[in-house]
Each structure stands twice: as structure tokens, then as C-alpha cells.
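# Summary of the model geometry
Residues per chain, in single letters:
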Amino acid sequence: MLTREVLAGLVVGLALIPEAIAFSVIAGVDPKVGLFSSFIMAVSIAFLGGRPAMVTAATGAVALVIAPVAPTYGMDYFIATVILAGVFQVILGVLGVAKLMRFIPRSVMVGFVNALAIFVFSSQFPQLIDVPWLVYPLVALGIVVMIVMPRITRIVPAPLVSVIIVTAVVLTMGLTVPTVGDQGELPRSLPSLFLPDIPWTWETFGIIAPFALGVALVGLMESLLTAKLVDEITDTHSNKTRESWAQGVANMLSGFFGGMGGCAVIGQTMIGVKASGARTRISTFCAGIFLFVLVVVFGDFVGTIPMAALVAVMIMVAIGAFDWHSVKPSTLKRMPKSETFVMVATVVLVLITHNLAIGVVGGVLVASVLFVRRVAHFVSVSRTVADDGESVTYVVNGELFFASSNDLTTLFSYTEDPSRVVVDLSGSHIWDASTVAALDAIETKYDALGKTVQIVGMNESSERMRGRLTGGFE
């Protein structure tokens, strides 16, 4: 078992290298920032996390959210944003935000994943524009290797093989193309303590807080989704609340040692859990250690890696992340139009705002409005006049809340009804004050006409709410 966990950690550590560097480029920082972040977060989450065997490192989702900070405000503000994001995650974790994940509809999550894939793909354009023509065949070669490699063996990660082959071609043929070394400094030793030199004012907080909150929300969403996926694969349960605050602590540690922050990485976690059989924290710890040792020992080699190799990796990450099933004609035909609209709305919001967190929150709001609209239409009212004509009974069926109860008062024939009116709510449930106010309004209208109203059939919860609120809206 120990051998399996250590080997799984080695494979995952190897797979983390190309993506950590590529995500650093997306975030606009030196490669060492992403590598430091992956090392620190993997090691710390191995001890703190609530989901054994899950890998946390630098990710594209976090890189995309925080990308504008370093070029606009500088590295100190960038690191401060990472640390503040960690603080936000700890607070959200303690407040039990993990339990709120069940309120995010599947259509919003599909939109989130698709938008992330589009962003990762489009972020490669700077590496493909105004570059030597040799970059294009090298990117194509890298993509071909990653397509073919899994058909030969899955023991060694295809992205790693692709990077090695493309790098070997460049070095043996003496090609001049942009390399990782051109992007910035690579690590040569252990990371040192980094305290951001910024003015600790409300103005600074106003600058970094929106980015930090975006990082916190996106990081938690991706981490908790990955934890849920690992739970299903391993048939075990994880502590989502612990995972939430542990992600925050890991991000804070990452920031204090000059890292770019991150969250759970689905791809590398699947390599460890699904392909390599990892099940414990040992594999995650080993992944972080192997990553750092490999980068420090083979740092000179890492600097010679052509950017074309990493662009190929990121293009395949984007293609693999996109939920192609969600846009198949057969799926679109079968799926309710409201579900498709929510997914598209989420993607559009993300692309317009360039913020994954805003897109998800907006998607949830759109889904909520459509759900409320749909449920509101399920309320029905039937009218039955007694044989003697002395009374009338209205039977109300459906969930009564603000959206459905606002029209409730229009469904009664006030002037035509006899002197005794019975409203039967045995097929309904009162959910809010709007419904109680609507029932009060119905009683008031009948009282004005000298008619009596009797409301019957309420369940215990509905009766309790009406008893507490009725008569309090005048």
C-alpha cells in the first residue's frame, strides 16, 4: 500500500509540473510562483484537508480570476490577494458554506466548467500570436502525442510525455522558440517568507477584495466538486467543512511563501485516484515533495521547455474540461429549455465579466428565477358551490409563496359567491409572509361584502406561520 501511494505521488508530481508553469503564465507571474504554490498547497493540504488523496495545487480557475492583479498593481498586491482569499475561505468554511453547494444547479456547474475551458483556451492566444512559425508545428506535435499516448499506456501522464518529446525535438534540432526560461525565474531553493509591502488601508482592501473573493468562491466550488467526485470513486465520505477551511489555510501559506494560490485540481486528482489507485494523504504529500525536488534538481531542464509544449498541454486541458455532451444536438433537444438557458447564461456572464465567481452567482440567480416561475404555475384553484347554494368551497393545490400567492387574490369570485366561503388548503403549503398577506386580503374583501370566510385544511407548519403573521400587514 505504501509503495502504491508513493508511486502515485511521483506520477502526480510529474504531471503537476507543466500545468503549474502554464498556469503561472496565465496569471502573469514567474513560473516559480506557480511551482511554489503547487508544492506548498499539496504538502499542507495533505495534513489539513478533509478529503484524503485529493490533490491541491495551482489551477487555471484561480489563475484566470487573479490574472489582472499582478500586471496592474504589482506582485505585492498579487500576494496580498492570495492571502486575503485564504482568509475568506477560512471564514466561509467555518460558516459552513460547504453545505450551500447543494443549491448550485447542475446547469450552472456545466456552464462554469465550459466557461473555464473557453477561458483556458483563449488565454493561450498570446503564445500563438506574433511568434516564430515553428511554434505551430510544435504545438500540433504536442497535441498529437497527448492524443496517442493514452492508447499506448496510461502509467506515465500523457502531458509529461508530450512536454519531453517537444522539448527533445527543439533541443536536438537547435530550434529558436520561446521557452519557459523566457517567462521568468525558476526556483533554485526552498521558498522564503514573503510579506507583501502594501499600504494596509481600506483603499487597498477595496482593490484586492473583489479578486480575493472571486478566488475564494471559485476555489471552494472546484475543490468541493472534486471532493464529491473522489467520494463517489472511492465509496468513502469526506469532511467538506474541513476541506473548505483547509483550502483557506493552504492558500494563506502559499501566499506567505510567494505562491499564487490555487485549489483542488481535478485532472491530477484523477491521475492519482483513478489511474494510480491512491487512497491516502501520503500520495498527496509525496506529490508535493516530488514536484519540488524535480524542479530544483532539474531546474535547468525545465527552463529549456518550449512554451509551445505548454500551450499544447493547456489546449488539451481546455478540450478535456469542456462538457461536449452539453452542446450535442441530441442533448439540447432532450434537455428542458430553461436548463440550457441557465447554462448559456452562466457562460455568457463569465465571458462578459471575465470572472468565474460572478458567472456562477449570476447563473444561480437565473436558475432560481426560472425555478420560481415554473413552480408558481403549478398552483390551481377549483370552485365548487354547495347544492343548497348557501356556501362555496375553494380547493387550493400547490406550493404557496410570493410568486404564486400574488395572483391568489384574483382567483376568487367575491361578488358572485354566497355568504359562506370555505378555502381548503389541504393540498397546499404556506411558505412565506406574502401568502399570509394574500389570505388576509381575501378575508378582507369578503368581510367588506358581509360574507364569512373559513380557511381549513392547513398543515401544522402552515397553521403556525399564519397564526404568527396574520393581521400584521396593515
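One can find the structure itself at the top, above this paragraph.
Note that the structure is a prediction, hence the values are computed from the model and not measured.

### Here's the deal with the sheet that holds strand E4 (residues 391–400)
Reading across the sheet, the 4 strands line up as E3-E4-E5-E6 and stay open at both edges, with mixed pairing between neighbours. Bordering the open sheet on either side are strand E3 (380–385) and strand E6 (452–456), each of which pairs with just one other strand. For this sheet the average axis-to-axis angle between neighbouring strands, irrespective of direction, equals 20°. Pairing geometry for E3 and E4, over 6 bridges, is antiparallel.

### Considering the packing of helix H7 (residues 135–152) against helix H8 (residues 158–173)
Running from N to C, H7 and H8 cross one another at 140°; their axes reach a closest spacing of 8 Å. Every pair of crossing elements has a handedness; the one defined by H7 and H8 is right-handed. Residue-level inspection shows Leu138, Leu141, Gly142, Val145, Met146, Met149 and Pro150 of H7 in contact with H8, the latter providing Ala158, Pro159, Val161, Ser162, Ile165, Val166, Val169 and Val170. The residue inventory of the contact of H7 with H8, partitioned by class, reads 13 nonpolar, 2 polar and no charged.

### A word on H7
Three or four residues apart is the spacing at which side chains of an α-helix point the same way, because the helix has 3.6 residues per turn. With 18 residues, H7 extends 26 Å between its outermost C-alpha atoms, agreeing within 8% with the 26 Å of an ideal straight helix rising 1.5 Å per residue. Buried positions along H7 lie against H8 and helix H14 (307–321).

### Digging into the pattern of salt bridges
Under the criterion given, the structure shown has 6 salt bridges. Between lysine 240 and aspartate 231 there is a salt bridge whose closest N-O contact spans 2.6 Å. A salt bridge links glutamate 460 to arginine 464, with the shortest nitrogen-to-oxygen separation between them at 3.3 Å. With glutamate 460 and arginine 464 both in helix H20 (residues 460–469) and 4 residues apart, the pair spans about one turn of that helix. Residue classification places glutamate 460 among the exposed residues on the basis of a relative accessible area of 63%. Among the charged side chains, a salt-bridge network with shared partners connects Arg51, Asp231 and Lys240.

Each value, and the rule that gives it
- Residues numbered from 1 in each chain as written.
- Predicted model: local features only at pLDDT ≥ 70, side-chain atom pairs only at ≥ 80, totals over all residues.
- Heavy atoms only, no water.
- Pairing = 2+ DSSP bridges.
- Helix = DSSP H or I, 4+ residues; strand = E, 2+ residues; numbered from the N terminus.
- Axes fitted to C-alpha atoms, helices over the stretch in contact; angles between N-to-C directions.
- Left-handed = near helix turned anticlockwise from the far one by under 90°.
- Contact = heavy atoms within 4.5 Å.
- Nonpolar A, V, L, I, M, F, W, Y, C, P; charged D, E, K, R; others polar.
- Expected span 1.5 Å × (residues − 1).
- Salt bridge = Lys/Arg side-chain N within 4 Å of Asp/Glu carboxyl O.
- Buried < 20%, exposed > 50% of the residue type's maximum accessible area, 1.4 Å probe, protein only.

Function cannot be read off these values alone, since they describe shape.
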